[in-house]
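# Survey of secondary and tertiary structure
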Amino acid sequence: MVSPQSPEAEQPTIGIIGMGAMGTMYVKRLSEAGWKKIIVCDRPEKYEDVKQAMQGLSGVKVLQDGHLVSRSADFIMYSVEAEFISKVVAEYGPSTKLGAIVGGQTSVKDPERSAFDKYLPADVQIVSLHSLHGPTVSTEGQPLCLIQHRASDAALHLVEQILEPFKSRYVYLSYEEHDLITANTQAVTHAAFLSMGTAWHNCAYYPWEEGTYVRGIETVKVNLMLRIYSNKWHVYAGLAILNPSAKVQIHQFAQSATDLFKLMIKGDERGLRKRVYEAGEFVFDLRRCEGRAPILLSEEVLDQFSLLPEGRKSLDASAPNNPNSEPLARSSSPTEGKLGNSHLALLAMVDCWATLGIQPFDHLELLATPIFRLFIGVVEYLFRSKERLDAAIHSAIHDVSYRSDDVEYILAARGWSQCVSFGSFELYEKRFKTTAAFFAPRFNEANQLGGKMIKAVLEQHK
């Protein structure tokens, strides 16, 4: 058994090709753990920048290109975008050291597997991996998927030993299982919150600064949306465009949102209630939830993470709580005196899962990212309370306060679905960056609050 405490001569040489956010995170964690032979590279033109960024990291050596890394390393990890994995492996794969172990850190594994099978020498072993969290989240306790594709048990054990300092929870899957589960846990949730951002951008205002979307469940929705748009666009594009299961789900999500909205504008409360409750019974079967604490905390705790300006918080805090609304009057309803919300995005997520027969809770413990826990926690929070769910359905039919937002949301959801169906990374990047630029001034504050919110939720479930 080898470890960072082993003599340097006995340690494997660890190579990482691609020094983006995740590649850099891996290098820092491996260096901090005490591994003494780590070689890394990015594109040749970034050589000097990477050298500067790696200064002070023990055991790390920056090389000019992937050929030099591949010919020297015993374990090589490709940390590149799924869109470019085939091109990069085609260039550097033939230089792989005899008998080395190769893995990839892409979020979509089908293109990665194809590239490895096509371009890596037959004597190379393949153990792929995927950390199911972002680069700023602690690796401890988080799922780390390992795929023993073309490798001996000894090769798999060596990869486990190299990554042991991460203190992550290993999950063993095939390439096919990985892509299906990541689609089931991420495709619809990403589409829902990307569409929220696009809709609010098209409305040309920060809703929490107008006194809406400022409390409880709304706080989580806003923080999750901002967290998505503060990340790199390609993190979401690869899954959406290259994963066939994700494409189907994103299309159905847009269709579910449209179908529910049609029931809303027709005033068909009975039809809407029937469809929503049937979907909820499928996804949130009480037998699945029995004995398990809800993911989200109380509204009083969630209010601590609101982006509402400080001057407004003290005024807002004195207002009475409504299970599904903001403290502003607009409609006469069972929640009279409060601003109701249909939560169309959340209703559409559950309708989509039910239509496609997906049980997201099946994957919650297996391969759930911290963000997915919050995504599904928001939906669960609404559906596990009959009072909140009935208030949402009533608002959808009788309260037009958010109707303009709902219209923008439908347009946004269908726009994202169409973008994915085109398979264009360029179009995806443009849509994403346009909205991200609108919200950019609030990213720092949102990420700080969002990080604290994630920590609070995760600590609740330890």
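Given the structure is predicted, the values throughout are model-derived calculations rather than measurements. (Residues numbered from 1 in each chain as written. Predicted model: local features only at pLDDT ≥ 70, side-chain atom pairs only at ≥ 80, totals over all residues. Heavy atoms only, no water.)

So, about the overall build of the protein chain. Broken down by element type, the protein chain carries 21 helices and 10 strands. Counting over 462 residues, the protein chain shows a buried share of 58%. Counting only contacts in the protein chain whose residues sit at least 6 apart along the sequence, the fraction spanning at least 24 positions is 77%. With the model as given, the accessible surface of the protein chain reaches about 19,000 Å², and the carbon-plus-sulfur share is 51%. (Helix = DSSP H or I, 4+ residues; strand = E, 2+ residues; numbered from the N terminus. Buried < 20%, exposed > 50% of the residue type's maximum accessible area, 1.4 Å probe, protein only. Contact = heavy atoms within 4.5 Å. Areas by Shrake-Rupley, 256 points an atom, 1.4 Å probe, with all protein chains shown as cover.)

Of note, Gly 18 is situated in the loop between strand E1 (14–17) and helix H1 (21–33). The buried category is assigned to Gly 18, whose relative accessible area is 6%. The sequence separation of Gly 18 and Asp 65 amounts to 47 residues, and the corresponding C-alpha distance is 9.7 Å. Ignoring anything within four residues of it in the chain, the contact list for Gly 18 reads Gly 23, Cys 41, Asp 42, Ser 79 and Val 80.

Two aromatic rings, taken as a pair, are described by how far apart their centres are and by the angle between their planes. This structure, assessed with the given rule, holds 15 aromatic pairs. A ring pair is formed by Tyr 229 and Phe 439, whose centres lie 6.5 Å apart and whose planes are at 35°; its orientation type is tilted. Separated by 210 residues along the polypeptide, Tyr 229 in helix H8 (residues 217–229) and Phe 439 in helix H20 (residues 425–439) bring together distant segments of the chain. The positively charged end of Arg 388 is found above the aromatic ring belonging to Tyr 381, 3.8 Å away from the centroid. (Phe/Tyr/Trp six-rings, centres within 6.5 Å; stacked < 30°, edge-to-face > 60°. Lys NZ or Arg CZ within 6 Å of the ring centre and 35° of its normal.)

All right, on to the sheet that holds strand E5 (residues 101–104) then. What the eight strands build is an open sheet, ordered E3-E2-E1-E4-E5-E6-E7-E8; its pairing is mixed. Edge positions in the open sheet fall to strand E3 (60–62) and strand E8 (169–172), since each of these has one partner strand only. Between one strand axis and the next, the sheet turns by 25° as a mean value, whatever way the strands run. Strands E1 and strand E4 (75–78) of the sheet are contacted by helix H4 (residues 85–92), whose axis makes an angle of about 145° with E4. Where helix H7 (residues 175–203) meets the sheet, it contacts strand E6 (125–131) and strand E7 (143–150), and its direction lies at approximately 150° from that of E7. (Pairing = 2+ DSSP bridges. Axes fitted to C-alpha atoms, helices over the stretch in contact; angles between N-to-C directions.)

As a further point, take the environment of Asp 351. In this structure, Asp 351 sits in helix H15 (residues 344–356). Taking C-alpha positions, Asp 351 is 5.3 Å from Ala 279, a pair spaced 72 residues apart along the chain.

Let us look at the pattern of salt bridges. Counting across every chain of the model gives 14 salt bridges. Here Glu 218 makes a salt bridge to Lys 221, at a shortest N to O gap of 3.4 Å. With a gap of three residues between them, Glu 218 and Lys 221 both fall in helix H8, about one helical turn apart. Take Glu 218 and Lys 221: they sit in the same class, and that class is buried. Each member of the salt-bridge network shares a partner with another, and the members are Glu 269, Arg 273, Lys 386 and Asp 390. (Salt bridge = Lys/Arg side-chain N within 4 Å of Asp/Glu carboxyl O.)

Below, the discussion takes up helix H18 (residues 386–398). For H18, which comprises 13 residues, the first-to-last C-alpha distance of 18 Å matches the rise-based estimate of 18 Å (1.5 Å per residue) to within 8%. Within H18, 10 of the 13 residues are buried, leaving the element largely enclosed by the surrounding structure. Among the residues of H18, Arg 388, Leu 389, Asp 390, Ala 391, Ala 392, Ile 393, His 394, Ser 395, Ala 396 and Ile 397 are the ones counted as buried. (Expected span 1.5 Å × (residues − 1).)

When two helices pack together, their arrangement is given by the angle between their axes and by how far apart the axes lie. Here H15 crosses helix H17 (residues 370–383) at 100°, and the two axes come no closer than 10 Å. Between H15 and H17, the interaxial angle falls into the category roughly perpendicular. Contacts between H15 and H17 pair Leu 346, Leu 347, Met 349, Val 350 and Trp 353 from the former with Phe 375, Ile 376, Val 378, Val 379, Leu 382 and Phe 383 from the latter. Partitioning the contact of H15 with H17 into residue classes produces 11 nonpolar, no polar and no charged. (Parallel < 35°, antiparallel > 145°, perpendicular 65-115°, else oblique. Nonpolar A, V, L, I, M, F, W, Y, C, P; charged D, E, K, R; others polar.)

Burial along E4 is two-sided: Phe 75 and Met 77 facing one way and Ile 76 and Tyr 78 facing the other are all buried. In this sheet, E4 lies alongside E1 in parallel orientation, the contact comprising four bridges. By the bridge assignment for E4, Ile 16 is matched with Met 77. The sheet contact formed by E4 and E5 spans four bridges and is parallel. Looking across to E5, one finds that Met 77 is bridged to Gly 103. In the classification by handedness, the crossover that spans E4, the intervening H4 and the parallel E5 is right-handed. (Right-handed = clockwise from strand over helix to strand, strands pointing away.)

Below, the discussion takes up helix H9 (residues 234–242). Among the residues of H9, those classed as buried are Tyr 236, Ala 237, Gly 238, Leu 239, Ala 240 and Ile 241. Contacts made by the buried residues of H9 are with H7, H8, helix H10 (244–266), helix H19 (403–422) and H20.

Counting residues in hydrophobic clusters, the biggest one holds 85 residues, and the most contacted among them are Phe 253, Tyr 428 and Phe 432. Beyond its immediate stretch of four places on either side in the chain, Tyr 428 contacts Leu 194, Trp 233, Tyr 236, Ala 237, Ala 240, Ile 241, Trp 416, Cys 419 and Val 420. Grouped together as the second largest cluster of nonpolar side chains are 31 residues, Met 25, Val 27, Leu 57 and Leu 163 included. (Core = buried A, V, L, I, M, F, W, Y, C linked by side-chain atoms within 4.5 Å.)

In this section: unusual backbone geometry. Residues apart from glycine generally show negative phi values, whereas peptide bonds are mostly found in trans. Despite not being glycine, Ala 204 has its phi angle at roughly 65°, a positive value. Positionally, Ala 204 belongs in the loop between H7 and H8. Residue class for Ala 204 comes out exposed when judged on its relative accessible area of 56%. Residue His 343 is not a glycine yet carries a positive backbone phi of 50°. According to the relative accessible area criterion, His 343 is buried, its value standing at 1%.

So, about the side chain of Asp 399. With respect to the secondary-structure elements, Asp 399 resides in the loop between H18 and H19. On the accessibility criterion, Asp 399 (6% relative accessible area) is buried. Here Ser 401 takes part through its side chain, which lies 2.4 Å from a polar atom of the side chain of Asp 399. (Polar contact = N/O pair within 3.5 Å; in protein donor to acceptor, adjacent residues only side chain to side chain.)

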